[in-house]
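# Secondary and tertiary structure notes
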Amino acid sequence: MAAELHVELVAADRSVWSGEATLVVARTTSGDIGVMPGHQPLLGVLESGPVTIRTSSADGSGTVVAAVHGGFISFADDKLSLLAEIAELADEIDVQRAERALERAKSDADAGAERRAEVRLRAVAVR
């Protein structure tokens, strides 16, 4: 059995995903980081971007992708916590709604809304 780490992805309003994984990739203010079992302890600030979680499925094919907008990442003792301001699983994202939000943000010159919509669409594309 492969080594695993316990992952908790939590948004301000709900628990988004919890389970065992072999690898988590997230974007921090220092760049993209991959966390595997046995990684040195860390604490970082999350940037907006997709978070990819390779789950411990029997056939090795399990992947969970979420659009995360800000927050913190913490890892110690094979427990990874992603505490996000906003987080949505890729499977929950309505692509047409995200595309409309992107167009609206561009026409309103709202850089923050544009970035959130782009991250949502990237998360859907990754899954």
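Scope of this entry: the structure provided in the associated data block. Fair warning: this is a prediction, and the values are worked out from it, not measured in the lab. Counting from 1, residues in each chain are numbered in the order their sequence is written. Only residues with pLDDT of at least 70 are given local features in this predicted model, and only at 80 or more are side-chain atom pairs given and counted; all residues enter the totals for whole chains, interfaces and linings. As a convention, hydrogens and water are excluded, and side-chain values are obtained from all of the structure's heavy atoms.

We define a salt bridge as a contact between a side-chain nitrogen of Lys or Arg and a carboxyl oxygen of Asp or Glu at a distance within 4 Å. Summed over the entire model, instances satisfying the criterion amount to three salt bridges. Glutamate 92 is the partner of arginine 14 in a salt bridge, and the nearest nitrogen-oxygen pair spans 2.6 Å. With arginine 14 in the loop between β1 (5-11) and β2 (15-28) and glutamate 92 in the loop between β7 (79-89) and α1 (95-108), this pair connects stretches of sequence that are 78 residues apart. Arginine 14 sits in the partly exposed class, given a relative accessible area of 31%. On the basis of relative accessible area, glutamate 92 is assigned to the partly exposed category, the value being 40%. A salt bridge links arginine 120 to glutamate 88, with the nearest nitrogen and oxygen atoms 2.7 Å apart. Taken together, the residues arginine 120 in helix α2 (residues 111-126) and glutamate 88 in strand β7 connect sequence positions 32 residues apart. As far as the burial class goes, arginine 120 and glutamate 88 line up, both buried. Only DSSP runs of H or I with at least four residues qualify as helices, and only runs of E with at least two residues qualify as strands; both kinds are numbered from the N terminus onward. Exposure categories follow from relative accessible area, calculated using a 1.4 Å probe and restricted to protein chains: below 20% of the type maximum is buried, above 50% is exposed, and the middle band is partly exposed.

Backbone geometry at aspartate 78 places phi at a positive 60°, although glycine is not the residue there. Along the chain, aspartate 78 falls in the loop between β6 (63-76) and β7.

A few words on the environment of aspartate 94. When you line up the elements, aspartate 94 lands in the loop between β7 and α1. On the accessibility criterion, aspartate 94 (37% relative accessible area) is partly exposed. Remark: the alpha-carbon pair of aspartate 94 and arginine 120, spanning 26 residues in sequence, is separated by 9.0 Å. Polar contact is defined as a pair of N or O atoms within 3.5 Å, subject to the rule that within protein one atom must be able to donate a hydrogen and the other to accept it, and that residues adjacent in sequence are counted only when both atoms are side-chain atoms. Reaching out from aspartate 94, the side chain makes a polar contact with the backbone nitrogen of glutamine 96 at a distance of 3.1 Å. Within the structure, the side chain of aspartate 94 is placed 3.1 Å from the backbone nitrogen of arginine 97, a separation counted as a polar contact.

Geometry only, nothing functional implied.
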